[in-house]
Every structure is written in C-alpha cells, then in structure tokens.
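Inside the fold
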Amino acid sequence: RYQNKLLHELLPIEAGRGLNRLPEPNEGDIYFDIEGDAFYEDGGLEYVLGYAYMEKGNLVYKRLLSTNRVEERRAFEQFMRFISEHWKRFPKMYIYHFAPYEPSAIKRLARVHALFEKEVDDLLRAERFIDLHAVFKEALLASVESYSLKELEKFTQYTRKVALHDASVARKSVEVALELNDFKSLSKEVIQIVEDYNEDDCLATEALHKWLENLRAELIKSGKEFQRPELKTGEASENVQQLDTRSQALF
C-alpha cells in the first residue's frame, strides 16, 4: 500500500495483537502524552501532563504544567479527577498513548504521591490504556526509519506546529532549568514551544488512531477478520478487595 510516499504491509493477524488490540472507538476517548525529566531529583519529574478529548464535537487539548514536586502532585490529582469523572460519564472510553511511558508514569505518580492508587489500579485492570506503538508494530511492516510517533504520523494528515529541532532545544532548556531549580529564568517562548510540542504529540496520537481505524475498516471490507478486545470494568476480585482493605487499614 502506498500513502504519503510511504509503504506499509500487513503482518500475519494474531489474536489479541496488532489491530485486534483496538477497542470500539468511543466519544469519550482520550489521547494522552507526558513530558518527563528523568534526571530531576528523587526519581524524575513529570512536568507536562497533556491530554486531548472531544468536547461539543471538537477535539480540545489541555495541559497541566509542573515545576516542582508539589505542583506535580497537584497536576496528577487534577488529571485523575478528570479521568475518574470522564470514565463515569463515558464507561466505554479508553486512553490512547504512544509507547509504554504514560501508564508507567501514572503508576509511579500514584505511588509517590499516595493518590488515586485504587483508581489507577482500576484503569490498569480494565486495560483502558491503549498503546498505539504496539498496535502499529504488531500489525504492519512500514517503510520508515523508526517506529517513532514522528515517523508514523507521516501516514496521517497531521502537520506539527513545532519543528522537532526547536522542540528538542526547548525541552532540554526546560529540563536543565528544572534540575537547577531555576524555572523562572525561562522565557515564555521556550515554555510555549514545549507545551505546543506536547499538544502536537497528543493530536498526532489521535490522528494515528483514526488512520489505524480507517485501515482496519478497509481490511475488513477486503475480507480480513478482526476482533475487538473485551470491555472490562476494572473491578477487583474479592481477594484483591480484601487485600486493599487490609493494606489501607495498616497504612
């Protein structure tokens, strides 16, 4: 197949892998991306939590910026309140991301800040995080240099606002400032570039999801067969609930 000067070829279809990982699209779906500094003191800092979702028929982007551990806690709390309320409103929603970093970071934030641990566990048990990197890599062989989001989004119609070189320089400046506790020295322009880069990643993730869904539909028309993953609620087993109750009492 030829699109945007790129080629891709369908790999053998396997149950639970590739395009079979894709749940039924839902109006409550969220596209999530984190900017993190691994070298910030005491285990790293997730300094931008960015997410996009549909609101009144439009895809809107929100971001939560943190410059220290206190602000990171506040941002995580705000993000998880949004997710929890959104999940109640849209029981069939999923959170799409690219590569494994986002769910791992969310687990770390819940543990470090002792916040929303049950809610994060519920999301993970319900398998509501969908990694589009895994979906693409297991489904297709593509003529790209790497299976990065920046390469794979070339299959879509999405155009970035921020040049990758400018984004790289700005992110490095932000991370150095964070590590030196000198965030106030940064210009508004540098911070805006990082925020715009995060928005690009969220919107490119949404564009890639759409492209994969359209490809899946085309392949079904041509006679291929795919399944949707089982919708799980995330409810813990009785044993897990008892352990949770006991651990909370001990804490």
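Read on for a plain summary of the structure. (Residues numbered from 1 in each chain as written. Predicted model: local features only at pLDDT ≥ 70, side-chain atom pairs only at ≥ 80, totals over all residues. Heavy atoms only, no water.)

Between helix 1 (residues 69–89) and helix 3 (residues 117–125), whose axes approach to 11 Å, the crossing angle comes to 50°. By the criterion of interaxial angle, the relationship of helix 1 to helix 3 is oblique. Between helix 1 and helix 3 lies a crossing whose hand is left-handed. On helix 3, the residues that touch Phe76, Met80, Ile83, Ser84 and Trp87 of helix 1 are Glu119, Val120, Asp122 and Leu123. Its residues placed into classes, the contact of helix 1 with helix 3 shows 6 nonpolar, 1 polar and 2 charged. (Axes fitted to C-alpha atoms, helices over the stretch in contact; angles between N-to-C directions. Helix = DSSP H or I, 4+ residues; strand = E, 2+ residues; numbered from the N terminus. Parallel < 35°, antiparallel > 145°, perpendicular 65-115°, else oblique. Left-handed = near helix turned anticlockwise from the far one by under 90°. Contact = heavy atoms within 4.5 Å. Nonpolar A, V, L, I, M, F, W, Y, C, P; charged D, E, K, R; others polar.)

Turning our attention to empty space enclosed by the protein. Here the structure, examined in full by the defined rule, presents 2 cavities of 30 Å³ or more. When its volume is computed, the largest cavity comes out at roughly 80 Å³. Lining the largest cavity are Leu10, Leu11, Pro12, Ile13, Glu14, Arg17, Gly18, Leu19, Asn20, Glu138, Ala139 and Phe226. Along the lines of polarity and charge, the residues of the lining of the largest cavity split into 7 nonpolar, 2 polar and 3 charged. Here the second largest cavity defines a volume of roughly 40 Å³. Considering the residues around the second largest cavity, the lining is formed by Tyr47, Leu65, Val174, Phe183, Ile191, Val194 and Glu195. A total of 3 residues in the lining of the second largest cavity trace back to one element, the largest contributor, which is helix 7 (residues 188–221). Per-class residue counts for the lining of the second largest cavity are 6 nonpolar, no polar and 1 charged. (1 Å grid on protein atoms, 1.4 Å probe; cavity = no way out; pocket = protein on both sides within 12 Å on 5 of 7 lines; lining within 4 Å. Points joined across faces, edges and corners; volume = space filled by probe spheres on them.)

We now examine the packing of helix 2 (residues 101–113) against helix 3. In contact at an axis separation of 9 Å, helix 2 and helix 3 are set at 155° when each is read in the N-to-C sense. On the basis of the axis angle, helix 2 is roughly antiparallel to helix 3. Like other packed secondary-structure pairs, helix 2 and helix 3 cross with a definite hand, here left-handed. Counting all contacts with helix 2, which are made through Pro103, Ile106, Lys107, Ala110 and Arg111, the residues of helix 3 involved are Glu117, Val120 and Leu124.

Membership of the largest hydrophobic core comes to 43 residues, with the highest contact counts inside it found for Leu132, Phe136, Leu208 and Leu212. If you list the elements that add at least two residues to this core, you get strand 4 (45–55), helix 4 (132–139), strand 8 (140–142), helix 5 (149–152), helix 6 (164–179) and helix 7. With 11 residues, helix 7 is the single largest residue contributor to this core. Apart from residues lying up to four places away in sequence, Leu208 is in contact with Phe98, Leu132, Phe136, Leu149, Leu152 and Thr156. Counting 28 residues, the second-largest nonpolar core is a separate cluster that includes Phe32, Ala75, Trp87 and Phe116. (Core = buried A, V, L, I, M, F, W, Y, C linked by side-chain atoms within 4.5 Å. Buried < 20%, exposed > 50% of the residue type's maximum accessible area, 1.4 Å probe, protein only.)

Residues other than glycine seldom take positive phi values, yet Asp42 does so here, at roughly 60°. Looking at where Asp42 falls in the secondary structure, it is placed in the loop between strand 3 (30–37) and strand 4. You will see that Ala99, though not glycine, has its phi angle at about 80°, which is positive. Along the polypeptide, Ala99 turns up in the loop between strand 6 (95–97) and helix 2. A residue is classified by how much of its surface remains accessible, and Ala99, at 22% relative accessible area, is partly exposed.

With that settled, consider the environment of Glu55. Within the element layout of this structure, Glu55 appears in strand 4. For Glu55 and Asp131, which are 76 residues apart along the polypeptide, the C-alpha to C-alpha distance reads 23 Å. Looking at Glu55, its side chain comes within polar contact range of the side chain of Tyr53, at 3.3 Å. (Polar contact = N/O pair within 3.5 Å; in protein donor to acceptor, adjacent residues only side chain to side chain.)

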